[in-house]
Amino acid sequence: MFTGRRILLIIGGGIAAYKSLDLIRVLQKRGASIVPVMTRGASEFVTPLSVAALSQNKVFQDLFDLTDEAEMGHIELSRSADLIIVAPATADLMAKMALGLASDLATTILLATNTPVLISPAMNVRMWEHASTQRNLKTLRDDGIHICGPDEGSMACGEFGLGRMSEPESIADSAESILLNGPLKGKHVLVTSGPTHEQIDPVRYISNRSSGAQGSAIANALASLGARVSFVTGPSVCEMPSGCDIIQVETAAEMLNAVQESLPFDSGIFTAAVSDWKIENPTKSKIKKKESDNLPILKLVENPDLLAIISQMQAGRPKLVIGFAAETDDLLENAILKRKRKGCDWILMNDVSPETGIMGGNENDITLISDKGIEDWPRMSKRSVAKLLVEKIVDELV
Ligand code: CTP
């Protein structure tokens, strides 16, 4: 099962395209959501309308569609999935991929992507056996492209041999093993996420605007590369990540406890917007407005700093500790100092001033600070930030 995973399905222009309709159904049954892309040739074999109806999603077809570019550019489209499947992968598509051509939306996505790619070739047996196709196949394999099939059997063209597209169930099995046996297999990663609630009385609390979206996207990206993820989250409105151990907490103290109980882990990513303070003595009963003539005075005490505690562990410190720096002023200066003060390895700085729309929004604008220097990332979706960060984590841990 790959519940919650997003698969970009590129349907090539071959007679086997009709099997892609069944593939959509099989992948969905295993929990994936499908973003379909069709080549011009594909729409000669199956209609975009049936693909849209089955996938319950918009079908992307044209590189130069301004509406698509405004909604989601082709680069973003190529990065936002956990896996790209090309089925059927025609001889023409394989050749273009091997050469690195970007002549339409499908090939541009395939050239721009940083996501694992699985192709399911389908063509006439002579085309499959042709030296060019075999040469392209080797190139694609060397480039790290995963290949499922083709199978042997009688083909629509009346010939018999290797060239039939694999059955949807086997393509789905290959997809599952790619998603579950990623480079982070065997690694344990902890992610803190969301805000915390610090109680004032039984009905009131102190909190902040964090939605938990960035933490959830990071946990999803880690799990899709095979990591065991402990996801410790405060009360969040955001959808929980799939394939993770989810530990729900309310306060900073509970979050610290959950983090310490999750040790040892290879890497800790602290995205939670932990409340810096809590009320010294929360009351057991609701504070009544009319109890006295004075306004209630709330005495604050500092909460433990989870990131600093884990970063400064003497024994058993995780290999890679990553924090976020939510800033509104003197961004870079504050973030550099924060990294030093807390002792984490990397810090991802973001500007959380209300006008950026980052806190509670879908996008993020990151500057990564590490001992290698300062790296400015372009503004992108939180999902893409997660994927980019996780790629760097793979480089560091594996
Ligand atoms: N953090 C934490 N525990 C806390 C406070 C913060 O683990 N009690 C972590 C956050 O998850 C984040 C990093 O520390 O990874 C920085 O959080 P941020 O809110 O930017 O900084 P603060 O430590 O709160 O400092 P300041 O309020 O001065 O900006």
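A quick note: this is a predicted structure, and the numbers were derived from the prediction, not measured.

This part is about the overall build of the protein chain. Along its length, the protein chain carries 15 helices and 21 strands. Here the analysis covers contacts within the protein chain between residues at least 6 apart in sequence; of these, 68% occur between residues at least 24 apart. Summed over its atoms, the accessible surface of the protein chain is roughly 19100 Å², and 52% of this surface lies on carbon and sulfur atoms. Considering the protein chain, the positive charge centre built from 40 side chains and the negative charge centre built from 50 side chains are found 3 Å apart.

Within strand β3 (residues 83-89), seven of the seven residues are buried, leaving the element largely enclosed by the surrounding structure. A two-sided burial pattern is seen for β3, the buried positions comprising Leu83, Ile85, Ala87 and Ala89 on one face and Ile84, Val86 and Pro88 on the other. Here four bridges tie strand β1 (residues 6-11) to β3, and the two strands are oriented parallel to one another. Opposite Leu9, over in β3, you have Ile85 as the bridge partner. Here β3 runs beside strand β4 (residues 117-121); their pairing, made up of four bridges, is parallel. Bridge assignment links Val86 to a residue of β4, and that residue is Ile119.

Attention shifts here to the sheet that holds strand β11 (residues 228-233). The strand order across the open sheet formed by eight strands is β12-β11-β8-β13-β16-β17-β19-β20, and the pairing between neighbours is mixed. Two strands lie at the open edges of the sheet, namely β12 (245-248) and β20 (373-376), each paired on one side alone. For this sheet, the mean inter-axis angle between neighbouring strands, taken without regard to orientation, is 15 degrees. Direction of pairing for strand β13 (residues 267-270) relative to strand β16 (residues 320-327): parallel, over a ladder of four bridges. By the bridge assignment, Ser267 is partnered in β16 with Leu320.

The subject of this paragraph is the domain arrangement of the protein chain. Annotation of the protein chain at the domain level lists domain 1 (1-179) and domain 2 (182-282 + 293-398). For domain 1 versus domain 2, the distance between C-alpha centres works out to 36 Å. Counting the surface lost from both domain 1 and domain 2, the interface buries some 1000 Å², and carbon and sulfur atoms represent 30% of this. Looking only at domain 1, the three residues that lose the most surface to domain 2 are Arg5, Glu76 and Asn114, adding up to 43% of its buried area. Our count for the contact surface shared by domain 1 and domain 2 stands at one salt bridge. Measuring nitrogen to oxygen at the nearest pair gives 3.5 Å for the salt bridge that ties Asp82 to Arg383. Linking domain 1 to domain 2 there are six residue pairs in polar contact (both at pLDDT 80 or more). For the side of domain 1 that touches domain 2, the secondary-structure elements that each account for two or more residues are α5 (74-79) and α10 (168-180).

Moving on, we come to the layout of surface pockets. The volume enclosed by the largest pocket comes to roughly 1100 Å³. Taken together, 43 residues line the largest pocket, and the ones lying closest to its centre are Ala272, Ala273, Val274, Asp276 and Ala326. Elements with a minimum of two residues in the lining of the largest pocket: β8 (188-193), α11 (213-224), α13 (306-311), β16 and α14 (331-342). Of the residues forming the lining of the largest pocket, the biggest block, four residues, is contributed by β16. Residues that form the lining of the largest pocket fall into these classes: 17 nonpolar, 18 polar and eight charged. When its volume is computed, the second largest pocket comes out at roughly 660 Å³. If you trace the second largest pocket, you find 22 residues lining it, with Arg6, Ala217, Asn362, Lys382 and Arg383 closest to the centre. For the lining of the second largest pocket, the secondary structure elements donating two or more residues are α11, β21 (380-381) and α15 (382-397). Top contributing element to the lining of the second largest pocket by residue count: α11, with four residues.

Cut-off values and rules
Residues numbered from 1 in each chain as written. Predicted model: local features only at pLDDT ≥ 70, side-chain atom pairs only at ≥ 80, totals over all residues. Heavy atoms only, no water. Helix = DSSP H or I, 4+ residues; strand = E, 2+ residues; numbered from the N terminus. Contact = heavy atoms within 4.5 Å. Areas by Shrake-Rupley, 256 points an atom, 1.4 Å probe, with all protein chains shown as cover. Lys, Arg positive; Asp, Glu negative; His and termini not counted. Charge placed at Lys NZ, Arg CZ, Asp CG, Glu CD. Buried < 20%, exposed > 50% of the residue type's maximum accessible area, 1.4 Å probe, protein only. Pairing = 2+ DSSP bridges. Axes fitted to C-alpha atoms, helices over the stretch in contact; angles between N-to-C directions. Domains from an automatic or database assignment. Buried area = accessible area lost by both parts, 1.4 Å probe. Salt bridge = Lys/Arg side-chain N within 4 Å of Asp/Glu carboxyl O. Polar contact = N/O pair within 3.5 Å; in protein donor to acceptor, adjacent residues only side chain to side chain. 1 Å grid on protein atoms, 1.4 Å probe; cavity = no way out; pocket = protein on both sides within 12 Å on 5 of 7 lines; lining within 4 Å. Points joined across faces, edges and corners; volume = space filled by probe spheres on them. Nonpolar A, V, L, I, M, F, W, Y, C, P; charged D, E, K, R; others polar.

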